[in-house]
Structure formats: C-alpha cells, structure tokens
Amino acid sequence: MREFLEGSQAVTRVVKLCKPGVISAYPITPQTHIVEGLAQMVADGQLNSQFVNVESEHSAASVVLGAVATGVRAYTATSSQGLFYMGEVLFNIAGLRLPVMLTCANRAISAPINIWNDQQDSVSMRDCGFIQFYAEDIQEVVDLHLIGYRVAEDKSVMLPVMVCMDGFILTHGIETIDMPQQEEVDKFLPPYSALYKLDPERPLTMGPLVDPEYYMEMRFAIQETHKEVIKLIPQITAQFFKVFGRQYHGLIEEYRTKDAQRVIVAMGSVCGTIKEVVDELRAKGKKVGLLKITTYRPFPHQEIYERLKNIPRVAVLDKALSLGSYAPLAVEVKAAFFGKKKQPQVISSFVAGLGGRDITKDSIKEIFRLLTAKERACEFIDLKPELLKETYE
Amino acid sequence: MFGPLNVKPGTSRNNKTGSWRTELRPKFLQKDCIACKMCALTCPEDCIEGAQKNTFYCDYEFCKGCGLCAFICPKADITMIEEELKE
Amino acid sequence: MNRQLFAPGHTACVGCGQSLGARLVIEASGPNTIVANNTGCLEVFSTKYPESSWGVPWIHSLFENAAAVASGIEAALIYLGKKDTVNVIAQGGDGGTADIGLQALSGMFERGQDILYVCYDNEAYMNTGIQRSGLTPFDANTTTSPAGSASSGNIRPKKPMPEIANAHGIPYVATASVGFPQDLQRKVKKAVSIKGPKYIQIHVPCPLGWRHEPVQTAQVAKTAVEAGLYPLVEYENTRLIAVRKIKPSPVEEYLKLQGRFKHLLNNPEEIKKIQEIANHNIEKYNLRVTSSEKNLSTEC
C-alpha cells in the first residue's frame, strides 16, 4: 500500500510488522521519533511487545541481548553517542551470536557536539561484528529491516544487524513508500526460532570465559560467517523480490556504471543526490556513474572489484574519518584491489557532509571535477578555510 | 560457522579439583553425626552428600581440602587428617 | 538427588566464600531460574570453557550489565507468558554491583522488574588482584588502598548499598552472610517469592584478598556479623522488618583474623574508628540482644 510517511514513522511500521517481543531504547536525537512511535503503538495496544524504558543505551543494548538470548525477537534504535555508549555491548552481542536488530540514525560524534548527520558513528563500529546496511531512501530503510531480520536470524548466521539511516535526512524526511502488508511479511519472515536460548527445560551456559586455547576459533567463526553472509544476502534479496516485488542486489547497487569513465562510490542518502548529478552529467554526455554500497559489513570486496576493475577513475566519498589515517571507506575500496592486476588508474578519496553540512549537487560535481589523473587522499569538499585561522597563542 | 560458543550444564565435573589437596583431607567419622547437614551446606564444592545420621561423606575427586566442613560440624564428627601421598 | 545446580569442578580458590554463596543462592532459588552474571571471579571460576558448573540457564555478558541483561530476560519471559514459573537472578561482585554496575542496577530497580539481584560482597576487586571498590571497608589494606607510613588503608567507609536499594522503594532488601547459610537461603527463597525487584547483599569472605586461612571463611563471616560490622538486616517495602540480634564482640576479634587489617593491630586510634562504625550499626539497627530476646541470636 502506497503511503506518505516520515522515515522514523516508516521504521516503526516495519518494526511492528516484524513482531518483536521486546523493544528497548534510550532517547537520542535523531532516533527519538522511532522509539516514541513504537511506545505509542504499544500504548495503543497495536503492538504486542514488552517496551523496556532504560536508563542508558548501554542498558538498551543489554536488554535486547538478554531478550534474544531468551529466544525472543528484539529491537533497539540509537544514534551517535548512544551507539558509542552501546559499543561494548555491540561487540558482546555479536560475540554471543545473537541476532539483534538495531536501527542507527546516523549522526556526527562529539566533540564538538553536533546532532546533525554524518556516518562517523556506525562507521566507527565497523569492527564490532554487526552486519551493517546503509539505506539510500526510506523505502530501502523499510526493506532493509525485513531483509536484515531474515539474514540475522538465518541459522547459519546468528549475527546482529544494524540498519543505518542518515539522521534527519531519512529519519525526518517524508516519502511516498510502499508499506508491506502483514501477510507478506509473515510469509517472508517466519517467527524467530532460536538455535540456542536460556530455557530452564534445557539449561546451557552462554558467555563463558574462553582462554587462548579456544578464543581464536570463536572469533574466526564470526569472520567466516561474515563471508557466508556475503553469499546469503543476494539469495535473501531474491526471495524478497518474489514476495514484495522490489529488487535489490543487497550488497551493492550500480547506477549507470556501464561504460562509465568516472564513478563515485558512496553509502547512504547521498547516493540519491549523486544519482541526480549522474543523470545531469550523462545528459551532457559525460560518462559518469555511481556505485552504492548497501552492505558495509561484511564488506563486499569481490563485488566492488568486479564492478570497478574496468573503471578508469574512481572517487570514494566518505561521511566519516579515521583520524590520523585515510578515510575509512576509501581504504576499504582500495583494499578490494589488493593483489589484483586489473584496477582503476585512480582511486581518489573525498570527505564531505560532516556534522550535517549539506552535500549539494555542486558538492558532487566538485568531486567529479577533482577526479583527475592526480590521485587525491582524504580531500575535504566544501571546507571553509577562513574558519581555520583561529589561534590560541 | 560457530566454533566454540556455549557450554553444557554441569560439565565442570570433568575438572577433578581433588588433585588440589596437598596437606589435609576431611575424614567423616560417622559416629556422632546428627544429620544437621551443615557440612553439606557449607561445602563450597558441593561435594558432600548424605541424608541420615552418620551417612555423610565427601567426594574426594572434588574436595579441595578447605576444611570448612570440619570447622562447621557442631559434633566434631569430621576431622582433617594428613593427605595420603599416592605415587 | 535433584539436578546439581552448581556442580563441583569449578576453579574457585580453596575456601572461597563466593562459590559457597553462589551455590546457596541457586539451590534456594531452584532449577526454574535463569541467571545473568556480571564479569568477575564467579563467572571466571564457574564457566571456564568448555566446562560450566551451572545447572540452570546462565549467561554472562559484561562487567556492569547483568541487571540490564536480566531485564531483557524478564521482559522476554513476560512476552512468552513464562514469567510466573521462572525466577530471574542477576548477580555480580561488589564492584560490578556498587561501582560500575550501579546505573544498570538502579534502572532495573526503578523499572520495577521482577528480578532478584544478588551482590556477592567480598569487599574489593578480587578478580583483578584485590583493588579497592566502593564496598571495601574503612581502613582495609588493598592493592589500590595500601597501608603505608602515610595511610592506614582505605580512607572511606562502605557505600550503603542496601539503603541505596531501599531508596528505590523496592519490595525486598536484605543482607546475608555465608556464615549463616540457612538464613541466607531463607532470604533468597523469600525474595524470589515476592514480585518485583529484590536486592540481597551477601558477605562472602575471600581468603586470598582478606588474607585469612581458607578454613576460616565461615568463622570470619560470622565474626563480621557478631562484631556489628556486617549487620544482617531485612526490609520489606523499605521498612526494616528483622535484624539478626548479636551480643557484640569487639571489632578486634574480626580484624585480627585477617591480613588486610594487620596494619591496624598496634593502632588503637584506627581500631577505635572501626569500633565506632560497628557501634553506629548496633545502635542504628538495634542489633544488641536484650535479655528477653535471648533466643533470637541463635535463630539462624
């Protein structure tokens, strides 16, 4: 059914369709509309879930950990500092192999404090073991929650999923979207059946102390499972297409990359802007394109290699930093060509949109313009040099 | 792939902590026992069993020789004796 | 014999008060219990992969979040319609409870969740090597509150955790001691029979950290109670309903058993300060047995 919905409202609707037994969250801008909406659904008797109001994100993550460990589907959402405060628990959830669903309303990290969008929060959590999806628009946000639960709860996976949606841009933006029906969702997403759970009928010990004799294998198993997830996601999205009629590759999306000479690689809502610019430039005869990365963890190295190996010039757009090194997404795109003969002549790296600075069509055009034979590392777009003159001597 | 993850209940019994005893072991005299069960209740290893008077004994496979049972026994019906050295 | 809920073979130190306390708690709560455990000695010595002492479903996540993990378990059980038949216990050491885990614990109390929280109070961070915690007693010598020529040990008294728990208005708060195992188990049974958040703090001597002989664990625990330094109290709906009456013994009787107080034995001024703490407890909780209450002192 086509509906005109705010991004956060759309998330509440799809979460409701997934029937989580336990929801727990702590408020943080710009995630608040999601949890307020879910709380209202529970209050109105529309959603049969235990809504646990906690005193911190650390506890929100711990509550959903405990719920999934007890064999019940669970949901949480956070952003920015909240995601960082959860950080310790996120590693733990993945290590315990519990398929938690988390929506991250992407927001900048303090200091300086800033409530607006970039992707520093979730990108910084890239090593925690969560599967990470980045959505371009609200429809994709909705669909990635359904796909996410299916992937997470697959008995060969049992890993948590984070669906990343750009704060304000997607959480507070409004779109007409196709909201799935309950019968369709029930067909696609069966009730959660745990491989292992806390049950007095069949006691077991979860989260034991693991010494050097066993630790490496536990971590290796997660690493290997992520490789299997790479193969599984396109299978799940194919099933998704059969039920809902919307087609996703799941790992990446190519936009006018065939015959392209210059391609931008990016994640999240900025891909919408890039597509517009690509169309404009294509209309003028410029051979440009976009490679959107939907699945950031596991990182689809092989797909990126295949799609970009014949592209002469590639620009990687990061909305996050790895302070003191190159930009994180750029490093990983470069790594996709590690040891390969075929590769782009240039892989340049650009940083834009930090702390909510608009990435306009002009910003994207500037990236294409700077994508010359000279390789650029961590080039900031739309920087205001006049603000850098402040001194404290 | 999962590898090591969860553990089955009660499997610590594979670890025979009785080998920790170096000096003393409890001897259950089974003479003046009143079946108060304080020895079983106070054993940190949960390795003392018994029901009726003068039936209590400990499982030396697990007893670490702490001596709490002998200390707590109101009838002094448990004494700590020299560990027999077996080689 | 019923299924063993805390099996032998764990690697707790000889005479460990916490292993004794943990067994007494789980036996009192019974097989229909799910336990969430903070990081600490108990988790380490009872679940070293691939072995576990636990006969009940048990989970360890992190140092400070057992109360929150248990909250998720409780919510899941309510969702499944199983809460009425399963007890949920969150447990941890004194550091995991009173310091790093206090926020999660306060949240659990405030939400009114049907969980028993058990704090095994061995009065320092034993798992990491006897560092001071918020529940380390006044003047105790620990590795981060060492006694020296300019210090007589830990400079602060214990954080009043039972009162902090009570301030949340929860239905049941008690202190217990492994020196009084039946009393301990009675309190656990009572706690799990009450709906809502419950808090029990158990004094568990640590032979390694307190530097006493393993065989003295029960004696040390009892002496703490009898000196008035670890009052055994019981609150229902924040009202004090029972205390263990004592004929107070001088605090030296307790201090002299333990190496962590050895530096005080020729320091009457410091001992006097500790005696004042005991006297304050004795007065506050009316611990002193009167002639008409003779029997109460032996009820447990």
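Our structure's up above, just so we're on the same page.
A. Molecular detail of the overall build of chain B. Secondary structure summary: chain B contains 2 helices and 4 strands in total. Helices and strands in chain B line up, N terminus first, as β-α-β-β-α-β. Compactness check: chain B gives a C-alpha radius of gyration of 15 Å against a globular reference of 12 Å for 87 residues, more than 25% above the reference. Expressed along its principal axes, the backbone C-alpha trace of chain B runs to roughly 60 × 30 × 15 Å. Counting only residues that meet the buried cut, chain B has 43% of its 87 residues in that class.

B. Structural detail: the overall build of chain C. Scanning chain C from terminus to terminus reveals 11 helices and 10 strands. Here the C-alpha radius of gyration of chain C, 18 Å, is about what a compact globule of 300 residues would show, namely 19 Å. Projected onto the principal axes, the alpha-carbon positions of chain C cover approximately 60 × 45 × 40 Å. Taken across its 300 residues, chain C has 64% of its residues classed as buried.

C. Examining helix H1 (residues 17-29) of chain C more closely. All names here are of chain C. With 13 residues, H1 extends 18 Å from end C-alpha to end C-alpha; this agrees with the ideal 18 Å at 1.5 Å per step. The buried fraction of H1 amounts to 13 of the 13 residues, a majority that puts the element mostly inside the structure. One or two steps after H1, the chain reaches Gly30, where phi turns positive at roughly 95 degrees.

D. Highlighting the environment of Gln261 of chain A. All names here are of chain A. Here Gln261 shows up in the loop between strand E10 (252-255) and strand E11 (262-266). A count of 12 C-beta atoms within 10 Å places Gln261 in the exposed class. The spatial distance from the C-alpha of Gln261 to the C-alpha of Val314 is 8.3 Å, given a sequence separation of 53 residues.

E. Region of interest: unusual backbone geometry. Note that the residue after Ser110 of chain A, namely Ala111 of chain A, is joined by a cis bond; omega there is 5 degrees. For the peptide bond that leads from Tyr49 of chain C to Pro50 of chain C, omega is 5 degrees, which places it in the cis range. Within the fold, Pro50 of chain C resides in the loop between helix H2 (41-46) and strand E2 (58-60). Unlike most non-glycine residues, Asp382 of chain A shows phi in positive territory, near 65 degrees. Summarising the element assignment, Asp382 of chain A is placed in the segment after strand E16 (379-380). Under the C-beta neighbour-count criterion, Asp382 of chain A is labelled partly exposed, with 15 such atoms within 10 Å.

F. How the structure looks around the sheet that holds strand E14 (residues 313-318) of chain A. All names here are of chain A. A sheet is described by the order of its strands in space; here 6 strands give the open sequence E10-E12-E11-E14-E15-E16, paired in mixed fashion. Among the strands making up the open sheet, the edge pair consists of E10 and E16. Relative to strand E15 (residues 346-351), E14 runs parallel, the two sharing 6 bridges. Across the sheet, Leu317 pairs through a bridge with Phe350, a residue of E15. Sheet strands in contact with helix H9 (residues 270-283) are E10, E11, strand E12 (288-293) and E14, and its direction is about 165 degrees off that of E12. Each of E10, E11, E12 and E14 touches helix H10 (residues 301-308); the most contacted strand, E10, lies at about 10 degrees to it.

G. Structural view of the nonpolar core. Counting residues in hydrophobic clusters, the biggest one holds 239 residues, and the most contacted among them are Val22, Val64 and Leu65 of chain A. Per element, the largest residue contribution to this core is 10 residues, and it comes from helix H3 (residues 66-80) of chain C. Domain assignment of the residues forming this core places at least three in each of domain 1 (2-244) and domain 2 (252-388) of chain A. Residues in contact with Val22 of chain A, not counting those within four places in the same chain, are Ser49, Gln50, Val52, Val63, Val64, Ala67, Val72 and Ala74 of chain A together with Gly72, Ala75, Ala76 and Tyr79 of chain C.

H. Highlighting the sheet that holds strand E8 (residues 198-203) of chain C. Taken in spatial order, the 9 strands of this open sheet run E9(A)-E2(C)-E1(C)-E3(C)-E4(C)-E8(C)-E7(C)-E9(C)-E10(C), and their pairing is mixed. Because the sheet does not close on itself, it has two edges, and the strands there are strand E9 (205-206) of chain A together with strand E10 (239-243) of chain C. In this sheet, strand E3 (residues 87-93) of chain C lies alongside strand E1 (residues 33-37) of chain C in parallel orientation, the contact comprising 5 bridges. Of the residues in E3 of chain C, the one forming a bridge with Ala36 of chain C is Ala90 of chain C.

I. Molecular detail of the pairing of strand E9 (residues 233-236) of chain C. Residue and element names in this part refer to chain C. Here strand E7 (residues 172-177) runs beside E9; their pairing, made up of 3 bridges, is antiparallel. In the strand pairing of E9, Val173 is matched with Tyr235. Across 4 bridges, the pairing between E9 and E10 is antiparallel. In the sheet register, Val233 faces E10, and the bridge partner there is Val243. From the end of E9 to the start of E10, which pair antiparallel, there are 2 residues, and Asn237 there has a positive phi angle of about 50 degrees.

J. Expanded view of the interface of chain A and chain C. Across the boundary between the two partners, chain A contributes 37 residues, which contact 39 residues of chain C. Where the side of chain A that touches chain C is concerned, the elements lending two or more residues are strand E2 (22-25), strand E3 (50-53), helix H3 (57-69), helix H4 (80-95) and E9 of chain A. Across 2 bridges, E9 of chain A lies against E2 of chain C in parallel orientation. Bridging from a neighbouring strand, Thr205 of chain A pairs with Trp58 of chain C of E2 of chain C.

K. Examining H4 of chain A more closely. Residues and elements named next belong to chain A. Its 16 residues place the ends of H4 22 Å apart at the C-alpha level, agreeing with the 22 Å of an ideal helix rising 1.5 Å per residue. Gly87 marks where H4 bends most, by close to 55 degrees. Buried within H4 are the following residues: Ser80, Gly82, Leu83, Met86, Val89, Leu90, Asn92, Ile93 and Ala94. As for H4, its buried residues are in contact with H3, strand E4 (74-78), strand E5 (101-106), helix H5 (120-124) and helix H8 (215-244). Looking one or two residues past H4, Arg97 carries a phi angle of roughly 60 degrees, positive in sign.

Rules of the game
- Residues numbered from 1 in each chain as written.
- Chains lettered and ligands numbered in written order.
- Predicted model: local features only at pLDDT ≥ 70, side-chain atom pairs only at ≥ 80, totals over all residues.
- Helix = DSSP H or I, 4+ residues; strand = E, 2+ residues; numbered from the N terminus.
- Rg over C-alpha atoms; globule rule 2.2 N^0.38 Å.
- Buried ≥ 20, exposed ≤ 12 C-beta atoms within 10 Å, placed from the backbone.
- Expected span 1.5 Å × (residues − 1).
- Pairing = 2+ DSSP bridges.
- Contact = placed C-beta atoms within 7 Å.
- Axes fitted to C-alpha atoms, helices over the stretch in contact; angles between N-to-C directions.
- Core = buried A, V, L, I, M, F, W, Y, C linked by C-beta atoms within 7 Å.
- Domains from an automatic or database assignment.
- Bend = angle between axes of the 7 residues up to and from the residue.

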